[in-house]
Amino acid sequence: MCGQSGGLDITLPNIKLRQITFLRSLKGRIFLILLVVGLIPCFIMRYAILQNYERRAVNVRTSDISTQVKILANHLLTYHYLADPSSEVINAELDQLSNLYDGRVLIINADLRIVKDTYGISQGKTIISEEVIRCLSGESANKYDRENGYIEMTVPITETVDADLPVGTGEKVEVVRGVMLVSASNDSIIATMNSLDRQALVVESIVGVLIFVMTLAVSKYLFAPFKKIIEALDQVQEGYTNDPISVTDCLETEHIGDAFNRVLGRMKMLDDSRQEFVSNVSHELRTPITSMKVLADSLITQKDVPIEVYQEFMTDIAAEIEREDKIINDLLSLVKMDRTSADLNISEVDINALVELIMRRLRPIANRRDIQLVYESLRPVTASVDEVKLTLALSNLVENAIKYNKEHGFVKVTLDADHQFFTVQVADSGVGIPEEELEHIYERFYRVDKSRSREIGGTGLGLSITRSAILMHRGTIKVVSVEGEGTDFTVKIPLKYIAV
Ligand code: ADP
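Computed from a prediction, not measured in an experiment: that's the story for all the values here. (Residues numbered from 1 in each chain as written. Predicted model: local features only at pLDDT ≥ 70, side-chain atom pairs only at ≥ 80, totals over all residues. Heavy atoms only, no water.)

A. The site of the ligand, seen in detail. Around the ligand lies a shell of 22 residues, among which N400, Y404, S453, T459 and L463 are the nearest. For the ligand, an oxygen atom lies 3.2 Å from a polar atom in the side chain of K403. A distance of 3.3 Å separates an oxygen atom of the ligand from a polar backbone atom of G462. Isolated, the ligand exposes 530 Å² of accessible area, and the fraction of that covered by the protein chains is 97%. At the level of elements, α9 (387-403), α11 (462-472) and β12 (486-494) are the ones that each hand at least two residues to the shell around the ligand. Grouping the constituent residues of the shell around the ligand by class yields 10 nonpolar, 8 polar and 4 charged. (Near = heavy atom within 4 Å. Polar contact = N/O pair within 3.5 Å; in protein donor to acceptor, adjacent residues only side chain to side chain. Areas by Shrake-Rupley, 256 points an atom, 1.4 Å probe, with all protein chains shown as cover. Helix = DSSP H or I, 4+ residues; strand = E, 2+ residues; numbered from the N terminus. Nonpolar A, V, L, I, M, F, W, Y, C, P; charged D, E, K, R; others polar.)

Written as structure tokens, this is what we have:
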């Protein structure tokens, strides 16, 4: 018992899964659409034809019986059958009628007494039925009992007599002398209908099979281009080819191919930039190590090295270690910035205080080269930002403005805001950036003047980190620079952080 239910548990979800897969496939949907479109008219036609046939057949039979019954009613009167039901001629006619329609005939006189029953069971009995009583007042009635399969008909036996009026008026009236109650079997109609029904069922089955075959043929024809595109995608995925995908059999596959080629192009670009980044990282990390090794080797290989040389080399090695440390720190910052903006730690921050703190930290470096550090705050600003990331971004800008400045130059930081954004402008009187280099300065490891940047401890990652941090805050960064005159960075950030 247990085993059985276990078996069911496994198969039921499988069947369900197969049903869902079938309905999700275009093939399955086409099959269902064709089935509905093909079979529903068949069902409607079958129903309409059968209904129509039944109505017509019942009408024809009723009118046949009615004609015969009326003729017979006249004969009954001629033979005074209601008074004396012994007439063999009439009895034979009545039997013939009941045999013909596989039914029963009752002749009832005006006293509701059954004069003749072709079944011979109710003769002499009195019948009290609504239809018979109504019929005695001249109203004939037909009834079709579908469930029991017979037609019942009550027909008055009427005689035309002179009206009970003064002699000579010649008026005639109809007098009901009795009732003929005929019930006729409907079996032949039902048999014909069953046969029609069976034929319709055969037609429906043939239509069903045709639809199935058509679905197979249509789907094979329609899905051939999709099959091709899947094969082409598989080939790209398995690495057999890098060629662009082109299946021009139909417009849809052409569009899919184009879209995929665009995605592939972007993926290749990302892959190239990743590879370039990795090779840049390795190169940048190796450079200080190589310098340290050269310095250390020369100390090891030389004999009786004076202490001054030792001190000088060790100072250089310490500088290289510091440099390595800076590169690693910058890389870690960059990795953090590369994560989604969900990693932002947003809080209400006093931006004036934040900029002042940055300036205070960097002032000693500026003082060393006699660079004037000016801060102008046009209004108090509070904004929802990630304090750590924004500090890093603005520090990089101010630090660069000092680093790439001339002796006795100046750096001016201006903070302003409107009702939506705050702006931080960092302007310097430094070396400037050539116009053609401006579009590259945010790239990782990009330096305008490699040797100068290295000399002053640059890693080429600072602006990249700054840009990422600002974009995470849904802000913008713009640069204007004139070579030899100075550079002007403007950062614009929304006062309220907009989460997507
Ligand atoms: P680095 O660590 O080398 O400073 P950044 O990404 O911060 O790297 O800057 C990229 C390059 O842009 C720098 O190497 C420098 O040549 C140039 N640059 C950045 N800021 C300034 C500036 N204020 N004035 C002149 N050049 C700048």
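B. Region of interest: the pairing of β12. Here strand β10 (residues 421-428) runs beside β12; their pairing, made up of 7 bridges, is antiparallel. If you follow V424 over to β12, its bridge partner there is V491. Pairing of strand β11 (residues 476-482) with β12, which is carried by 7 bridges, proceeds in the antiparallel orientation. Bridge pairing links V482 to G486 in β12. Hairpin connection, β11 to β12: the antiparallel pair is bridged by 3 residues, and G484 has positive phi, about 85 degrees. (Pairing = 2+ DSSP bridges.)

C. The arrangement of the packing of helix α7 (residues 307-338) against α11 in detail. Viewed as axis vectors pointing N to C, α7 and α11 meet at an angle of 25 degrees, and their least axial separation amounts to 9 Å. Classified by the angle their axes make, α7 and α11 are roughly parallel. At the point where α7 passes α11, the crossing takes the left-handed sense. Along its contact with α7, which presents D330, S333, L334, K336 and M337, the element α11 presents S464, I465, S468, A469 and M472. Class assignment for the residues of the contact of α7 with α11 results in 5 nonpolar, 3 polar and 2 charged. (Axes fitted to C-alpha atoms, helices over the stretch in contact; angles between N-to-C directions. Parallel < 35°, antiparallel > 145°, perpendicular 65-115°, else oblique. Left-handed = near helix turned anticlockwise from the far one by under 90°. Contact = heavy atoms within 4.5 Å.)

D. Focus on the domain arrangement of the protein. Partitioning the protein into structural domains gives domain 1 (85-187) and domain 2 (342-494). For domain 1 versus domain 2, the distance between C-alpha centres works out to 115 Å. (Domains from an automatic or database assignment.)

E. Expanded view of the sheet that holds strand β5 (residues 172-185). The antiparallel open sheet is built from 5 strands, whose spatial order is β2-β1-β5-β4-β3. Only two strands of the sheet have a single partner each, and these edge strands are β2 (114-117) and β3 (141-145). Recorded for the sheet is a direction-independent mean angle of 15 degrees between the axes of neighbouring strands. Here β3 pairs with strand β4 (residues 150-162) via 5 bridges, running antiparallel. Paired with Y144 across the bridge in β4 is I151. Helix α3 (residues 88-100) contacts β1 (104-109), β2 and β5 of the sheet and is inclined by roughly 135 degrees relative to β1.

F. Just the side chain of H473, in detail. Note on placement: H473 falls in the loop between α11 and β11. According to the relative accessible area criterion, H473 is buried, its value standing at 2%. Not counting chain neighbours up to four residues away, the residues in contact with H473 comprise L344, I346, V385, D386, K389, L390, I493, P494 and Y497. (Buried < 20%, exposed > 50% of the residue type's maximum accessible area, 1.4 Å probe, protein only.)

G. Structural detail: the pattern of salt bridges. Taken as a whole and assessed by the stated rule, the structure comprises 19 salt bridges. For R104, the salt bridge is made with D117, and the minimal N-O distance between the two is 2.8 Å. Taken together, the residues R104 in strand β1 and D117 in strand β2 connect sequence positions 13 residues apart. For D386, the salt bridge goes to K389, with nearest N and O atoms at 3.4 Å. (Salt bridge = Lys/Arg side-chain N within 4 Å of Asp/Glu carboxyl O.)

H. Layout of the confidence of the model for the protein. Counting all residues, the mean pLDDT for the protein is 88, and 95% of those residues have values of 70 or more. Looking across the protein, the model is least confident in helix α1 (residues 2-24), with a mean pLDDT of 62, and most confident in β10, with 98. Confidence over residues 1-7 falls short of pLDDT 50; this stretch has 0 contacts with residues more than four positions distant or in other chains. (pLDDT = per-residue confidence, 0-100.)

I. Up close: the environment of V69. With respect to the element layout, V69 can be found in helix α2 (residues 26-78). A residue is classified by how much of its surface remains accessible, and V69, at 0% relative accessible area, is buried. C-alpha of V69 to C-alpha of Y47: the two residues are 22 residues apart in sequence and 33 Å apart in space. When neighbours within four sequence positions are excluded, V69 is seen to be in contact with L97, V155, M180 and V182.

J. Broad picture of a negative patch on the surface. Where like charges cluster on the molecular surface, the negative patch consists of D272, E276, E439 and E443. Inspection of the secondary structure puts E439 in the loop between β10 and α10 (450-455). (Patch = residues over 30% accessible without salt bridge, like charges linked within 9 Å, V, L, I, M, F, W, Y side chains within 5 Å. Lys, Arg positive; Asp, Glu negative; His and termini not counted. Charge placed at Lys NZ, Arg CZ, Asp CG, Glu CD.)

K. Region of the structure containing α3. With 13 residues, α3 extends 18 Å from end C-alpha to end C-alpha; this agrees with the ideal 18 Å at 1.5 Å per step. Regarding α3, the residues found buried are I90, N91, E93, L94, L97 and S98. Along the axis of α3, the buried positions cluster into a sector of 160 degrees, meaning they face one direction only. Across from the buried face of α3, at angles greater than 90 degrees, the exposed residues are E88, Q96, N99 and L100. At its buried positions, α3 is contacted by α2, β1, β2 and β5. Immediately beyond the C-terminal end of α3, within one or two residues, lies D102, with a positive phi of roughly 50 degrees. (Expected span 1.5 Å × (residues − 1). Arc of directions from axis to C-beta.)

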